[in-house]
Amino acid sequence: MTQYAFHFDGTRCTGCKTCEMACKDYKDTDLGIAYRKVYEVTLGQTVKDAQGAITTDCVSYPLSMSCNHCDDPACAEVCPTGAMHKDDQTGLVSVDAAKCIGCGYCHMACPYNAPKVDRDKGHSVKCDGCAERVAAGEKPVCVEACPARALDFGTVEDMKKKGEQAAIAPLPEPGYTHPNLYIKPSTDAKPAGDASVKVANPLEVM
């Protein structure tokens, strides 16, 4: 089996969200549904001292993320019908809409908040790695749309050469599901589990 993976270069990403919009356009997703999301991660504080001088150590960094097509996908593990499944040939995780009953267990189990239940359609939806494009020898549309070339996609062996397995905040430790996302972190990025960071745009990404 060929396992495909994403790579994210945090030193190049500007947080423009072109990847997110390209995905929404290509997949024609409804309002409130996004398969790729750009987290605005912030940390630090601004304080005023007794003399009135203001100092700040605030920084922020973007994190673009979709489904990570994990080696041990929690979504597939809890799916009661087998609708959520990992492809034997590509390692990409997708939903069989004909089998999905819309129970939402996949959404609750995924530590990356990748699957969502589309109530209008009556089943879960998520990034499938643009499987039809991959089969045609192309890369996912989000990767090709990125103006800063902060995203890449290929075999897990090639993506490993570009960065470390996803382990920056606000992501969980990679040992939970072994995500196929490899990251070159920006200088300001904090390690997974660091409680000092906050997501500034929770309504966009949750």
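Residues numbered from 1 in each chain as written. Predicted model: local features only at pLDDT ≥ 70, side-chain atom pairs only at ≥ 80, totals over all residues. Heavy atoms only, no water.

> Summarise the packing of aromatic side chains; cite the residues concerned and give the values.
The tally for this structure, following the rule as stated, stands at 2 aromatic pairs. Each ring, one from Y4 and one from F153, has its centre 5.3 Å from the other, and the planes form 10 degrees; the classification is stacked. Separated by 149 residues along the polypeptide, Y4 in strand β1 (residues 4-9) and F153 in strand β10 (residues 151-155) bring together distant segments of the chain. By relative accessible area, Y4 is classed as partly exposed at 21%. One aromatic cluster is present, built from ring pairs that chain together Y4, F6 and F153. The aromatic ring of F6 is capped on one face by R36, whose charged end is 4.8 Å from the ring centroid. In this structure, R133 is placed above the aromatic ring of Y26, and the distance from its NZ or CZ to the ring centre is 5.7 Å. (Phe/Tyr/Trp six-rings, centres within 6.5 Å; stacked < 30°, edge-to-face > 60°. Helix = DSSP H or I, 4+ residues; strand = E, 2+ residues; numbered from the N terminus. Buried < 20%, exposed > 50% of the residue type's maximum accessible area, 1.4 Å probe, protein only. Lys NZ or Arg CZ within 6 Å of the ring centre and 35° of its normal.)

> Explain the sheet that holds strand β5 (residues 59-65) to me, and be specific about the residues and the numbers.
Strand-to-strand pairing in sheets goes through backbone hydrogen bonds, with the strands running parallel or antiparallel. Taken in spatial order, the 3 strands make up an open sheet running β5-β2-β13, and their pairing is antiparallel. Strands at the two margins of the open sheet, each flanked by one partner only, are β5 and β13 (198-199). Where strand β2 (residues 37-43) meets β5, 7 bridges bridge the pair, whose relative direction is antiparallel. Bridged to T42 within β5 is S60. (Pairing = 2+ DSSP bridges.)

> Go over the sheet that holds strand β11 (residues 164-165) with me, naming the residues and quoting the values.
Ordered by their spatial adjacency, 4 strands build an open sheet running β10-β1-β12-β11, and the pairing between neighbours is mixed. Each edge of the open sheet carries a strand with a single partner, namely β10 and β11.

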